[in-house]
Amino acid sequence: MRLVDQRRPHPVQGKGFILLVGGLAIALALAVAFSVGVGTVDVPVARVVAVVWAHLTGDTAGLDPLTDQIVWTFRTPRVLLAAVAGAGLSLAGLCLQTLVRNPLADPYTFGVTAGASLGAVVVMTTGIAAGIGVAGGAFAGSSLSLLVVFVMAQRGGRLIGTSLVLAGVAVAYLGMAGTGLLQLLVDPSELRGVMFWLLGSVAGASWADLTIPAVATAVTGLWLMSRGRMMNALATGEDTAAGLGVDVNRLRVLLLVAASLLTATVVSVAGGIGFVGLVVPHAVRLVVGPDHRKVIPVSLLGGAVFLVLVDLATRTVNKPNEMPIGIFTAALGAPFFLMLLRGRRRTLR
Amino acid sequence: MKIQIEDLSVMIDDLPILGDVSVEVETGTVTGLIGPNGSGKSTLLRCVYRALKPVRGSVHIGESDVWRGNAREAGRRTAVVVQDHDLDNGFSVEETVLMGRTPHKGILERDNADDRDIVRDALDRVGMAWAARRVFTRLSGGERQRVLVARALAQKTPVLLLDEPTNHLDIGAQLGLLGLVRELGLTTVVALHDLDHATTYCDRLVLLRSGRVLAAGVPSEVLEPERVAEVFGVRSAIVPHPLTGRPHLVTANQ
């Protein structure tokens, strides 16, 4: 009789996965509907659903104008932006974690968020490269910061875990300092703006803000799904992946672009929300296991639900005041990061 | 499928690692790569499985040039068991072996019954079917290596490469694994540290030193006592094994 570890690899398997995805989709719909109803003026969920339904069917004639404005013009885009930002940042974190084979990777810890913020602020305040737009500036900033982090952290073609984290921290500081400086130089009274880029916010989102990050997240999510098998191979080792017929360098470049794109499009409308990409994929892996073909869709949905709920918390813990969303994600994420750092010290050689 | 390596040269950080290495491996034979640490065994293998691009020279598997074709095609011809020590992910044994199907599957194509049959057969062949549902990293070193061989089998390639597969295994697991590799009948190249294992389990040997081929041929020719003394600094003799009668290489300090 041999002694074998009888623990099952991960809790959710087989049909459980389909139930989980369905459950998360329903949870997301409910969380959005409930969250739209909560605020200075509370609107019952049934009314929220009625207003949204009226807009979707184009039959808005019978709606109370005030409720309509609160629900459709102000709160729905805000809550949906929280959902899109949560999904996008979770996928960005997942891309980076697979890319460097390190669970500590996240757009925030790697300085990508700060780089995107700086890029966006440079375009907004100085008018330099105004042609590329705020989103373009954020993308340039995020790509550049990722590139710097990678160049600093590699020795002879191999990425060093500790160097990645340290380079990320340094780039993040630099980006934040630059953002703060620019905002103060341009308009000293705009302290709120600085806070927006440093801590993130989904308050004041409009429907127009939603399009670019939503499309970027959907397209990148689909593309990632098509690369799930290759990402699995890469997660087990670069040489293993090469032996399995994966063009490792090409995949890594594409993952880098995907992470930059996701982070940039989210940051350009929601500011620097940190740690979502760290917490969500890790929690998802604990539940569904390491297979990317499962981790990607569940992270997308789970990230959306997570940030909708966090946004709800920022509006309810200190009513009627609102707290910046980034304070909450950092409060949840930073201890999580430290826990991972302790638990996974072995991978940080 | 025949492997032809011609005039291969590799530089890493401006340091020459391999210089003008040429090796031929006949279909269905086992070739051992031997040499001191840092002689370029792993580097040579990495060039064959497309993990490291040589600066000069070519690698042909059958008729096709590995570095001219794409990665996916290479993955259908060559399977590899690499030395990975930080496989700190939670994949199960079954999932690990299923990865062998990667080069055969289109994007978004799901694993089907055929794939699962192939995985089961591969695990049966290496004697690891009992562990299909276990977490890969919780197996012993010898069991893990067997699972990685199963993954290579699931890849259904004519060529198998192994980079020091017996490292950190107990002696029973070492001999079991090498015996298994021999039985598979694939065109095999295996980097080995143990000269006696190389003598016993390989048809031909290629001896590397400082990135160059010092000798190639059948084990008894390559491992002449003078050459072993020169390269490895030990005295040696090839003697019949008292139990099996097969030739074995024994060594003693100089």
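See the structure above.
Residues numbered from 1 in each chain as written. Chains lettered and ligands numbered in written order. Predicted model: local features only at pLDDT ≥ 70, side-chain atom pairs only at ≥ 80, totals over all residues.

## Topic: the overall build of chain B
Okay, step 1: The helix and strand inventory of chain B stands at 9 helices and 12 strands.
Okay, step 2: Its C-alpha atoms give chain B principal-axis dimensions of about 55 × 45 × 30 Å.
Okay, step 3: Across the 254 residues in chain B, those meeting the buried criterion constitute 46%.
Okay, step 4: If you take every contact in chain B between residues at least 6 apart in sequence, the share linking residues at least 24 apart comes to 65%. (Helix = DSSP H or I, 4+ residues; strand = E, 2+ residues; numbered from the N terminus. Buried ≥ 20, exposed ≤ 12 C-beta atoms within 10 Å, placed from the backbone. Contact = placed C-beta atoms within 7 Å.)

## Concerning the overall build of chain A
Okay, step 1: On a plain count of helices and strands, chain A comes out with 14 helices and 2 strands.
Okay, step 2: Against the 2.2 N^0.38 benchmark of 20 Å for 349 residues, chain A shows a C-alpha radius of gyration of 21 Å, consistent with a compact globule.
Okay, step 3: Dimensions of chain A, computed from the C-alpha atoms along their principal axes, are close to 70 × 60 × 35 Å.
Okay, step 4: Split into buried and exposed, the 349 residues of chain A put 51% on the buried side. (Rg over C-alpha atoms; globule rule 2.2 N^0.38 Å.)

## So, the nonpolar core
Okay, step 1: A:Ala83, A:Ala85, A:Val246, A:Val308, B:Val48, B:Val97 and B:Ala150 are the most contacted members of the largest nonpolar core, which totals 176 residues.
Okay, step 2: With 18 residues, the single largest contributor to this core is helix H3 (residues 65-100) of chain A.
Okay, step 3: Each residue touching A:Val308, except ones within four places of it in the same chain, is listed here: A:Ala31, A:Val32, A:Ser35, A:Val79, A:Ala82, A:Ala83 and A:Gly86. (Core = buried A, V, L, I, M, F, W, Y, C linked by C-beta atoms within 7 Å.)

## With respect to the interface of chain A and chain B
Okay, step 1: Each partner contributes residues to the interface: chain A has 28 residues there, and chain B has 35 residues.
Okay, step 2: Class assignment for the residues of the side of chain A that touches chain B results in 10 nonpolar, 11 polar and 7 charged. (Nonpolar A, V, L, I, M, F, W, Y, C, P; charged D, E, K, R; others polar.)

## Section: the sheet that holds strand S3 (residues 30-34) of chain B
Residues and elements named next belong to chain B.
Okay, step 1: With mixed pairing, 6 strands are arranged side by side in an open sheet as S6-S7-S8-S3-S9-S10. One side of each edge strand has no neighbouring strand; the edge strands of this open sheet are strand S6 (78-81) and strand S10 (212-217). Averaged over all pairs of adjacent strands, the angle between their axes in this sheet comes to 15°, without regard to strand direction.
Okay, step 2: The strands touched by helix H5 (residues 141-154) within the sheet are S6 and strand S7 (159-163), with S6 carrying the most contacts at an inclination of about 170°. (Pairing = 2+ DSSP bridges. Axes fitted to C-alpha atoms, helices over the stretch in contact; angles between N-to-C directions.)

## Regarding the environment of A:Leu99
All names here are of chain A.
Okay, step 1: Among the structural elements, Leu99 can be located in helix H3.
Okay, step 2: The sequence separation of Leu99 and Val52 amounts to 47 residues, and the corresponding C-alpha distance is 40 Å.
Okay, step 3: With sequence-adjacent residues up to four places away left out, Leu99 is seen in contact with Arg252, Leu255 and Leu256.

## Observations concerning the packing of helix H4 (residues 112-126) of chain A against helix H11 (residues 248-270) of chain A
Residue and element names in this part refer to chain A.
Okay, step 1: At their nearest, the axes of H4 and H11 sit 9 Å apart, and the two run at 55° to each other. When the axis of H4 is compared with that of H11, the two are oblique. The crossing of H4 and H11 is right-handed. Along the contact surface, H4 presents Val112, Thr113, Ala116, Ser117 and Ala120, while H11 presents Ala259, Ser260, Thr263, Ala264, Val267 and Ser268.
Okay, step 2: Its residues assigned to classes, the contact of H4 with H11 shows 6 nonpolar, 5 polar and no charged. (Parallel < 35°, antiparallel > 145°, perpendicular 65-115°, else oblique. Left-handed = near helix turned anticlockwise from the far one by under 90°.)

## Side note on the environment of A:Leu30
Okay, step 1: If you trace the backbone, A:Leu30 turns up in helix H1 (residues 15-37).
Okay, step 2: Residues A:Leu30 and A:Val49, 19 residues apart in the sequence, show an inter-C-alpha distance of 10.0 Å.

## Describing the pairing of S7(B)
Residue and element names in this part refer to chain B.
Okay, step 1: Of all the 5 residues making up S7, 5 are buried; the element is thus mostly covered by neighbouring parts of the structure.
Okay, step 2: Neither face of S7 is open: one carries Val159, Leu161 and Asp163, the other Leu160 and Leu162, and all of them are buried.
Okay, step 3: Summarising the sheet, S6 and S7 pair through 4 bridges and their orientation is parallel. When the sheet's bridge partners are listed, Thr78 is paired in S7 with Val159.
Okay, step 4: Relative to strand S8 (residues 187-191), S7 is paired through 5 bridges, and the arrangement is parallel. When the bridges of S8 are listed, Val159 appears paired with Thr187.

## Some remarks on the sheet that holds strand S2 (residues 15-25) of chain B
The strands making up a sheet associate through hydrogen bonds between their backbones, and the pairing can be parallel or antiparallel.
Residues and elements named next belong to chain B.
Okay, step 1: The sheet built from 4 strands is open, its strands ordered S2-S1-S4-S5 with antiparallel pairing. In the strand order of this sheet, the two ends are held by S2 and strand S5 (64-65), each with one partner.
Okay, step 2: Both strand S4 (residues 56-61) and S5 contribute to a ladder of 2 bridges, which runs antiparallel. Bridge pairing links Ile61 to Ser64 in S5.

## Here we look at the packing of H3(A) against helix H8 (residues 207-226) of chain A
Residue and element names in this part refer to chain A.
Okay, step 1: Packing of H3 against H8 brings their axes to within 9 Å, and their N-to-C directions diverge by 30°. One finds that H3 runs roughly parallel with respect to H8. Regarding H3 and H8, the two cross each other, and that crossing is left-handed. Two secondary-structure elements touch here, H3 through Pro77, Leu80, Leu81, Val84, Ala85, Ala87, Gly88 and Leu91 and H8 through Trp207, Asp209, Leu210, Pro213, Ala214, Ala216, Thr217, Thr220, Gly221 and Leu224.
Okay, step 2: Split by residue class, the contact of H3 with H8 holds 13 nonpolar, 4 polar and 1 charged.

## Some thoughts on helix H5 (residues 133-153) of chain A
Okay, step 1: Over its 21 residues, H5(A) runs 30 Å from end to end, which matches the ideal 30 Å to within 8%, given 1.5 Å per residue.
Okay, step 2: Every buried residue of H5(A) is accounted for by A:Ala135, A:Gly137, A:Ala138, A:Phe139, A:Ala140, A:Gly141, A:Ser142, A:Ser143, A:Ser145, A:Leu146, A:Val149 and A:Ala153. (Expected span 1.5 Å × (residues − 1).)

## Considering the pairing of S4(B)
Okay, step 1: Looking at chain direction, strand S1 (residues 3-12) of chain B and S4(B) are connected through 5 bridges and run antiparallel. Bridge pairing links B:Gln4 to B:His60 in S4(B).

## As for unusual backbone geometry
Residue and element names in this part refer to chain B.
Okay, step 1: Positive phi values are uncommon outside glycine, yet Asp7 reaches one of about 45°.
Okay, step 2: Mapped onto the elements, Asp7 comes out in strand S1.
Okay, step 3: Here Asp7 falls in the exposed class, since 12 other C-beta atoms lie within 10 Å of it.
Okay, step 4: One non-glycine residue with positive phi stands out, namely His168, at about 65°.

## Observations concerning helix H4 (residues 113-125) of chain B
All names here are of chain B.
Okay, step 1: Taking 1.5 Å per residue, 13 residues should reach 18 Å; H4 reaches 18 Å between its end C-alpha atoms and fits that length.
Okay, step 2: Buried residues of H4: Ile118, Val119, Ala122 and Leu123, and no others. The buried residues of H4 occupy an angular sector of 130° when projected down its axis, which confines them to one face. Across H4 from its buried face, at more than 90 degrees, point the exposed residues Ala113, Asp114 and Asp117. (Arc of directions from axis to C-beta.)

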